[in-house]
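Structural characterization, general
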Amino acid sequence: MSGIQIPEKFFQTEIRDFLGKTEFIFKRNTTYIANFTLDLSHIKEISILGMLVIYKFIAYTVKNKIFRHPTLNWGVTSSVKSLFNEYGFTPLIDNFVNYKNKTKITESYKALKSSSTEELFCAPHSMLRTEANRNELEQDFLNKIAEFYDTTRNSIVNLCTSELMLNFWSHATIDTDSIIVAKGGKTYFNLFLIDNGDGLITSLKENPIYRGETDKDLLKAVFEEGISSKPNTNHQGRGLFLVRELVKLNEGELVVFTEGLQYKLKDGKINVSEAPYWKGVVMTVKLKLKRPRDITHLKESKIRYRIRSIC
Amino acid sequence: MLIIKISEIGKNITNDIVGNQIYEKIKAGLNKDSVTLDFSDVNVMTTFCAKQIFRPLLEELGEEEFNKRILFKNITPTIEYEINMGLNG
C-alpha cells in the first residue's frame, strides 16, 4: 500500500514537500501503481494554493491513469470537505473521483461562480482557448476585479492577471490543464495559477537562441524585459517582466515551481533554486495594495515613439 | 473626426481576437478620416494587444501621420504606458 498523507497545516512550505512526494507521477513508466491512497483526513488548515495542487495532482493522475484503484480519504467527518467546498474545489475533485468524460469537468467549472462581498474571490476556473471561455474568464475575473478595486489598484491587479492568463494560454498544451484562482481584499491581492503544460523553461527554449543556456539561467531570464519564446510576433517579452516589476513595486511575493526549479521573488530579492519536479507551472503572485504603485512608476526604456493624448 | 469608443468593442483588451477587432475598426476609420480613440471604461490592455494594434498602424502611417490622425482620449496612465511600449516593441 502506497500513499501520501497531507499534514494538518498545508501552506507554502508544505507544498514544496508535497511536490517532492508527487514528482514520481511525471516520471512513471507505463505500469499502473496499485492501491494508492491520498489521505486528506488530517487537514485542519490549508491555503488556496494547497487545494489547487491537491486538485491538480488528482486531475493529472486520473487523466493519465497513474493509479489502479486509488483511494481518496476525506476522513469520517465532513470538516475537510467543507474547507475545500468553501473555495469551490469539492465539485472539481468529485468530478475526477467519478471521472467519466471531459464534458462533465468543463460543466463543473462553468457551474462555479465567483463571489464578491467584503473580500474578492474568483473561483477556480479553467483557462480554455475558446472565445466563450475567454469571455467567461473576463466576466468572472477581470470585470469582478475592476468592480472591486479603485482605478489604480485595478490597473495593477488586472494587468498582472491578464498578462499571466495570456502567458498560460501560450504555454498550456492541453486546454483543461490550466487553472486560475484569485482572492483579494482592499489592501492585498493573491493570484494562483497552475498547469501541466510545457513549463516556463521548455517554452522559452522554443526560441533557438536560448537553447544553450542552463535551466537556472533561463528561469531567471523569463522575467527579464524583452525575453520571449516567440520572437518576431506581437509577444514583446514584457508580460512577465511587468508582473515581476509590479510585485517589486508593491512589496509582494512571486513564487514559481516549474520543471525542477523554484523562482522566488521576495523583499525585492530574486532566488532561483533546485526544487521538486512539476510538469508545467505552479505560480503564486501576492501583492500588497496598501500604497499601490502602478507601472507608471517604472522607468520607460527605449522610448522613441509616444502617443498624443488629449483631455 | 471619427470617435471610436474602445469599450464598445471590448473592456478587457487581453487577447488577439479583441485586439484584431480594434485594429480593424481603427483601420476602417482611418480610410475615411482621422480618429479619436476614447478609452473610457476600458479595464485593461495587455502588452501583446498594445503591440498588435498600434505597432502596425505606426508602420503603415509613419510617425507624423500617426500622431496627426490618431488621438487618444480618456486614457489611463497605465494603458498609455503600455501603448507607448507597444509602439516601441
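See the structure shown above.
Let me begin by describing the structure that accompanies this report. Residue numbers run consecutively from 1 along every chain, following the written order of its sequence. Note on labels: chains are lettered from A, ligands numbered from 1, in written order. Local features in this predicted model are restricted to residues whose pLDDT is 70 or higher, and side-chain atom pairs enter the listing and the counts only when it is 80 or higher, whereas totals over whole chains, interfaces and linings include all residues. Note: side-chain values were computed over all heavy atoms of the structure, leaving out hydrogens and water.

Our next topic: the overall build of chain B. Strands here are runs of E lasting at least two residues and helices are runs of H or I lasting at least four, both read from the DSSP assignment and numbered beginning at the N terminus. A count of helical and extended segments in chain B gives four helices and five strands. Listing the helices and strands of chain B from first to last along the sequence gives β-β-α-β-β-α-α-β-α. Using a 1.4 Å probe on the protein chains alone, a residue whose accessible area is under 20% of its type maximum counts as buried, one over 50% counts as exposed, and one in between counts as partly exposed. For chain B, the residues scored as buried account for 63% of the 89 residues in total. Taking as baseline every contact in chain B between residues at least 6 positions apart, the subset at least 24 positions apart corresponds to 78%. All accessible-area figures derive from a Shrake-Rupley calculation using a 1.4 Å probe, and residue coverage is judged against the displayed protein chains alone. Just so you have it, chain B exposes about 3400 Å², and 44% of that area is on carbon and sulfur atoms. Note on definitions: a residue-residue contact is assigned when non-hydrogen atoms from the two residues lie within 4.5 Å.

What follows concerns the nonpolar core. One finds Met283 of chain A together with Ile26, Phe39 and Phe54 of chain B to be the most contacted residues of the largest nonpolar core, which totals 83 residues. The residues contacting Ile26 of chain B, other than those within four sequence positions of it, are Ile4, Val35, Leu37, Ile53, Phe54, Leu57 and Ile70 of chain B. Core analysis: the second largest hydrophobic core is formed by 45 residues, Leu52, Val53, Ile93 and Phe257 of chain A among them. Here the nonpolar core consists of buried residues drawn from Ala, Val, Leu, Ile, Met, Phe, Trp, Tyr and Cys, with membership extended through side-chain atoms lying within 4.5 Å.

A separate point is the interface of chain A and chain B. Taken together, the contact between chain A and chain B spans 38 residues of the former and 38 residues of the latter. Together, the buried faces of chain A and chain B total about 3500 Å²; carbon and sulfur atoms form 58% of this surface. Counted as salt bridges are all cases of a side-chain nitrogen of Lys or Arg within 4 Å of a carboxyl oxygen of Asp or Glu. Taken together, the connections running from chain A to chain B amount to one salt bridge. Taking the shortest distance from any N to any O, the salt bridge between Asp16 of chain B and Arg134 of chain A comes out at 3.3 Å. N or O atoms within 3.5 Å of each other form a polar contact, as long as, within protein, one can give a hydrogen and the other can take it, and as long as residues adjacent in sequence are counted only when both atoms are side-chain atoms. Summed over the shared surface of chain A and chain B, the result is nine residue pairs in polar contact (both at pLDDT 80 or more). Computed with a 1.4 Å rolling probe, the buried area is the accessible surface lost when two parts are put together, summed over both parts.

Across all of its chains, the model carries 17 salt bridges over all chains by this definition. A salt bridge links Arg244 of chain A to Glu245 of chain A, with the shortest nitrogen-to-oxygen separation between them at 2.9 Å. One exposure class covers both Arg244 of chain A and Glu245 of chain A, and it is buried. Note that Glu60 of chain B and Lys27 of chain B form a salt bridge whose closest N and O atoms lie 3.2 Å from each other. Here Glu60 of chain B, found in helix H2 (residues 47–61), pairs with Lys27 of chain B, found in helix H1 (residues 16–32); they are 33 residues apart in sequence, far enough to count as distant. Overlapping salt bridges bring together Glu224, Arg244, Glu245 and Lys248 of chain A as one network.

What follows deals with the packing of aromatic side chains. All names here are of chain A. Note on ring pairs: Phe, Tyr and Trp rings are taken, using the six-membered ring of Trp, and paired if centres are within 6.5 Å. Classes follow the plane angle, with under 30 degrees stacked, over 60 edge-to-face and the rest tilted. With the rule as written, the count across this model stands at 19 aromatic pairs over all chains. Relative to Tyr149, the ring of Phe148 lies with its centre 4.9 Å away and its plane at 90°, an arrangement referred to as edge-to-face. Phe148 sits in the buried class, given a relative accessible area of 8%. For Tyr149, a relative accessible area of 5% puts it in the buried group. Among the aromatic residues, those joined into a ring-pair cluster are Phe10, Phe18, Phe24, Phe36, Phe57 and Phe67. Whether a charge lies above a ring is judged from NZ of Lys or CZ of Arg, which has to be within 6 Å of the ring centre and within 35 degrees of the ring normal. Sitting over the ring of Trp169, Arg134 keeps its end group 4.5 Å from the ring centre. Lys186 extends its terminal NZ or CZ atom over the ring of Phe148, reaching a point 3.9 Å from the ring centre.

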